[in-house]
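# Per-entry structural report
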Amino acid sequence: MIQNIYLSTKDNKIITSEQLIKAYMLGMFPMSDSRTNKKIFFVDPEFRAIIPIFNFYISKSLLRLVKKKPFKISINKAFSDVITSCATINRTDTWINKEIETLFTSLHEMKYAHSVECWQENQLVGGIYGLAIGGVFFA
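Because the structure is predicted, anything quoted here is derived from the model rather than measured.

A separate point is the overall build of the chain. Tallying secondary structure elements over the chain gives four helices and seven strands in all. Counted from the first residue to the last, the chain has its helices and strands arranged as β-α-β-β-α-β-α-α-β-β-β. Expressed as a percentage of the 139 residues in the chain, the buried residues total 32%. In the chain, of all internal contacts separated by at least 6 residues, the share reaching a separation of at least 24 is 62%. Total accessible area on the chain stands at roughly 9,900 Å², and carbon and sulfur atoms take up 58% of it.

On to the nonpolar core. In terms of nonpolar packing, the biggest core is built from 21 residues, with Leu-20, Phe-42, Phe-104, Tyr-129 and Leu-131 touching the most fellow members. Mapped by element, the contributors of at least two residues to this core are helix H1 (17–25), helix H3 (79–88), helix H4 (98–109) and strand S6 (123–133). Here Tyr-129 is in contact with Phe-79, Val-82, Ile-83, Cys-86, Trp-95, Ile-96, Phe-104, His-114, Ser-115, Phe-137, Phe-138 and Ala-139, once residues within four sequence places are set aside.

Considered as a void within the structure, the largest pocket measures approximately 860 Å³ in volume. Lining the largest pocket are 24 residues, and of these Ala-49, Val-136, Phe-137, Phe-138 and Ala-139 lie nearest its centre. Those elements that provide at least two residues to the lining of the largest pocket are S6 and strand S7 (136–138). Here the lining of the largest pocket takes five residues from S6, the largest share from any one element. Its residues placed into classes, the lining of the largest pocket shows 19 nonpolar, four polar and one charged. Its volume calculated, the second largest pocket comes out at about 170 Å³. Ranked by residue count, the leading element in the lining of the second largest pocket is helix H2 (residues 60–68), at three residues. Here the residues of the lining of the second largest pocket sort into seven nonpolar, no polar and one charged.

As a further point, take the packing of aromatic side chains. Applying the stated criterion across every chain yields a total of four aromatic pairs. Ring geometry for Tyr-24 and Phe-104: centres 6.2 Å apart, planes at 90 degrees, overall edge-to-face. On the criterion of sequence distance, the pair formed by Tyr-24 in helix H1 and Phe-104 in helix H4 is long-range, its members being 80 residues apart. Considered together, Tyr-24 and Phe-104 belong to a single accessibility category, that of buried residues. For the pair Phe-104 and Tyr-129, a centre-to-centre distance of 5.2 Å together with 80 degrees between the ring planes defines the contact as edge-to-face.

Turning our attention to the packing of H1 against H4. Where H1 contacts H4, the two axes come as close as 10 Å, and the packing angle between them is 90 degrees. Our classification of the angle between H1 and H4 gives roughly perpendicular. Mapping the contact onto sequence places Ser-17, Leu-20, Ile-21 and Tyr-24 in H1 and Leu-103, Phe-104, Ser-106 and Leu-107 in H4.

The subject of this paragraph is H4. Compared with an ideal rise of 1.5 Å per residue, which puts 12 residues at 16 Å, H4 spans 16 Å between its outermost C-alpha atoms and is within 8% of the ideal. Of the residues making up H4, those classed as buried are Ile-100, Glu-101, Leu-103, Phe-104, Ser-106 and Leu-107. Where H4 is buried, its residues meet H1, strand S2 (29–31), H3, strand S5 (113–120) and S6. Measuring from the backbone nitrogen of Glu-99 back to the side-chain oxygen at the start of H4 gives 3.2 Å, which picks out Asn-97 as the cap. Of the residues one or two after H4, Lys-111 is the one with positive phi, at around 75 degrees.

Criteria and cut-off values
- Residues numbered from 1 in each chain as written.
- Predicted model: local features only at pLDDT ≥ 70, side-chain atom pairs only at ≥ 80, totals over all residues.
- Heavy atoms only, no water.
- Helix = DSSP H or I, 4+ residues; strand = E, 2+ residues; numbered from the N terminus.
- Buried < 20%, exposed > 50% of the residue type's maximum accessible area, 1.4 Å probe, protein only.
- Contact = heavy atoms within 4.5 Å.
- Areas by Shrake-Rupley, 256 points an atom, 1.4 Å probe, with all protein chains shown as cover.
- Core = buried A, V, L, I, M, F, W, Y, C linked by side-chain atoms within 4.5 Å.
- 1 Å grid on protein atoms, 1.4 Å probe; cavity = no way out; pocket = protein on both sides within 12 Å on 5 of 7 lines; lining within 4 Å.
- Points joined across faces, edges and corners; volume = space filled by probe spheres on them.
- Nonpolar A, V, L, I, M, F, W, Y, C, P; charged D, E, K, R; others polar.
- Phe/Tyr/Trp six-rings, centres within 6.5 Å; stacked < 30°, edge-to-face > 60°.
- Axes fitted to C-alpha atoms, helices over the stretch in contact; angles between N-to-C directions.
- Parallel < 35°, antiparallel > 145°, perpendicular 65-115°, else oblique.
- Expected span 1.5 Å × (residues − 1).
- Polar contact = N/O pair within 3.5 Å; in protein donor to acceptor, adjacent residues only side chain to side chain.

So far we have only geometry, and geometry alone does not tell us how the molecule works.
Structure (structure tokens):
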């Protein structure tokens, strides 16, 4: 179910960092219709994917690749590059608009949002960003 909640504040932000954290705590996450659309709506999915960390299975082929160590992995070294790349690389359009990007950058500065970066030969080749609240990482 999609919640069409559009919020604005005195400083013309679509939504505040605190409001975004509360939305995630309620299980909702922000989206936009496009990169250039300034409005944000919230998705409240009926089902959510959870990746368990206990008994996590790694395929033999992935394990062989990891053992070769072709990539360098870092945390919070290139947050802005990761979120911008997620919004723009290999896409004609995206749900990550500039407002969402700005909100997550603020949350990163507040130590709530984090990124995991994948480097090959000192070039960013992959990554993920998300929000950490308590013991949960929303990515």
